[in-house]
Amino acid sequence: MSRRILLLGGTGDALRLAHRLGPGHLYSLAGLGRVPDDLACEIRVGGFGGAEGLAGFLRQAGIDLLLDLTHPYAARISANAAQAAQVTGVPLWALRRPAWHAREGDDWRDIADWAELIDALDAFQRPFFTLGREPLAHLDGIPGHQYWTIRCLQGQPPGPRYRVLGDRGPFELDAERVLFQHGDFDVLISKNSGGASTEPKLQVARELGRPVLMLARPPLPLADRTFEDMESLWGALQA
């Protein structure tokens, strides 16, 4: 693999690819979660300063290929990557995981944004949020009839009407069943992230007949090459 790669990560797929990269390549993380200490490639933690800063880094570091394996909802990072690639002429390849699709027995309700989500939540009492950190900014506005459970990378002490569970996938089906049972959740709030590592929660919601408020995916920019799975991406890197 003669090309010098900058891998934009933060997902399980990105970490799996980073484990395959050797010295001379770079793995970039925002730094919100655990920083791995067992990689052969170089790790860079922190932002670049927008598209302009990323473009400057691509030139300075002599990057030949930019890989976008960020989360499907990290739209700003993906947009910066596309702009920086266009300015510098560095090819951009992206992993675009297929979205989940509702199956028989699912009660999915599409949600456009946070305002619509709050309105849709009014009928429920014990929501389970799996959106990352965004609900933490709204803890002061929890309605009196609700108790929130929020799962994100970093936990924090509970409040009178909420608890924050610090955890990261992959999540096992049986463990998700236990969590739903103990939490007595009456609705699941999810991003349509795709992939297998966080999908078990959807099966449990289906089994229990719980509705799912599904936050819509943001539009993502075009890339020079797009892949739907890790193995096809890895095969292209070997070609």
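The structure presented is a predicted model; accordingly, all values stated were derived computationally and were not measured. Per-chain numbering applies: the sequence of each chain, read as written, is numbered from 1 onward. Per-residue local features are limited, in this predicted model, to residues with pLDDT of at least 70; the limit for side-chain atom pairs, both in listing and counting, is 80 or more; totals at the level of whole chains, interfaces and linings are taken over all residues. The basis for every side-chain value is the complete set of heavy atoms in the structure, and neither hydrogens nor water enter the calculation.

> Any details on the pairing of strand β5 (residues 92-95)? Residues and values, ideally.
Buried residues are those whose accessible area, probed at 1.4 Å on protein chains only, stays under 20% of the maximum for their type, while exposed residues exceed 50% and partly exposed ones sit between those limits. Counting from the N terminus, the helices are DSSP H or I runs at least four residues long and the strands are E runs at least two residues long. Side chains Leu 92 and Ala 94 project from β5 onto one buried face, and the interleaved Trp 93 and Leu 95 project onto a second face that is buried too. Between any two strands, at least two bridges found by DSSP are needed for them to pair. Relative to β5, strand β4 (residues 65-68) runs parallel, the two being bridged by three bridges. Directly across from Asp 68, in β5, lies its bridge partner Ala 94. Regarding topology, helix α3 (residues 75-88) serves as the crossover connection from β4 to the parallel β5, and that connection is right-handed. Where β5 meets strand β13 (residues 225-227), three bridges bridge the pair, whose relative direction is parallel. By the bridge assignment, Ala 94 is partnered in β13 with Thr 226. By definition, the crossover connecting two strands over a helix is right-handed if that path, from the first strand to the second, turns clockwise as seen with the strands pointing away from the viewer.

> I'd like a rundown of the sheet that holds β13, residues and numbers included.
Strands sit in the order β3-β2-β1-β4-β5-β13 across an open sheet of six strands; the sheet is parallel. Each edge of the open sheet carries a strand with a single partner, namely β3 (42-45) and β13. Each neighbouring strand pair of the sheet contributes to a mean axis angle of 20°, computed without reference to strand direction. Convention adopted: a line fitted to C-alpha atoms gives each axis, helices being fitted over their contacting stretch, and angles between N-to-C directions are expressed from 0 to 180 degrees.

> Mind laying out helix α4 (residues 114-121), listing which residues take part and the relevant values?
For α4, the full list of buried residues reads Trp 114, Leu 117 and Leu 121. In an axial view of α4, the angular spread of the buried residues amounts to 55°, which keeps them on one side of the axis. With respect to the buried face of α4, the exposed residues turned more than 90 degrees away are Ala 115 and Asp 119. The definition of a polar contact used here is a pair of N or O atoms within 3.5 Å, where within protein one atom must be able to donate a hydrogen and the other to accept one, and adjacent residues in sequence count solely through side-chain atom pairs. The distance from a side-chain oxygen at the start of α4 to the backbone nitrogen of Ala 115 is 3.4 Å, and the residue carrying that oxygen is Asp 113. Regarding the arc, it is the one traced by the directions from the helix axis to the C-beta atoms.

> Pulling in residues and values, what's your account of empty space enclosed by the protein?
In this analysis, the protein atoms alone were mapped onto a 1 Å grid. Cavities are point sets where a 1.4 Å probe fits without being able to get out; pockets are open sets with protein on both sides within 12 Å along at least five of seven lines; lining residues have an atom within 4 Å of a point. Grid points are joined across faces, edges and corners, and a volume is the space filled by probe spheres set on the points. Using the criterion set out here, one finds one cavity of 30 Å³ or more in the structure. Of the pockets and cavities examined, the largest cavity occupies roughly 50 Å³. Lining the largest cavity, in full, are Thr 11, Asp 13, Leu 69, Thr 70, Pro 72, Leu 95, Arg 96 and Arg 97. Its residues assigned to classes, the lining of the largest cavity shows three nonpolar, two polar and three charged. Polar here means any residue outside two lists: the nonpolar Ala, Val, Leu, Ile, Met, Phe, Trp, Tyr, Cys and Pro, and the charged Asp, Glu, Lys and Arg; Gly therefore counts as polar.

> Break down the pattern of salt bridges for me, citing the residues and quoting the values.
The term salt bridge refers to a pairing of a side-chain nitrogen on Lys or Arg with a carboxyl oxygen on Asp or Glu at a separation within 4 Å. Under the defined criterion, the tally for this structure stands at nine salt bridges. Arg 16 is the partner of Asp 13 in a salt bridge, and the nearest nitrogen-oxygen pair spans 2.5 Å. Taken as a pair, Asp 13 and Arg 16 lie in helix α1 (residues 12-18) at a separation of three residues, close to a single helical turn. Each of the salt bridges in this network shares a partner with another, and the network as a whole consists of Asp 13, Arg 16 and Arg 97.

> Lay out the side chain of Thr 198 with the relevant residues and their values.
Looking at the element boundaries, Thr 198 is found in the loop between β11 (187-191) and α6 (200-208). The contact criterion used throughout is that any non-hydrogen atoms of two residues lie within 4.5 Å. Other than its neighbours up to four places away in sequence, Thr 198 contacts Trp 100 and Phe 171.

> Tell me about the nonpolar core, and please be specific about residues and values.
Nonpolar side chains in soluble globular proteins generally cluster together in the buried interior. Core analysis: the biggest nonpolar cluster contains 21 residues, and Leu 7, Leu 17, Leu 67, Leu 69 and Leu 237 have the highest contact counts within it. Those elements that place two or more of their residues in this core are β1 (5-8), α1, β2 (26-29), β4, β5 and α7 (230-238). The element contributing the most residues to this core is α7, with five residues. With near-sequence residues (within four places) excluded, Leu 7 lies in contact with Ala 14, Leu 17, Ala 18, Leu 21, Leu 26, Tyr 27, Ser 28, Leu 67 and Leu 69. Working definition of a nonpolar core: buried Ala, Val, Leu, Ile, Met, Phe, Trp, Tyr and Cys residues. They are joined through side-chain atoms within 4.5 Å. Formed by 20 residues, the second largest nonpolar core is a distinct cluster that contains Trp 114, Leu 117, Leu 131 and Ile 142.

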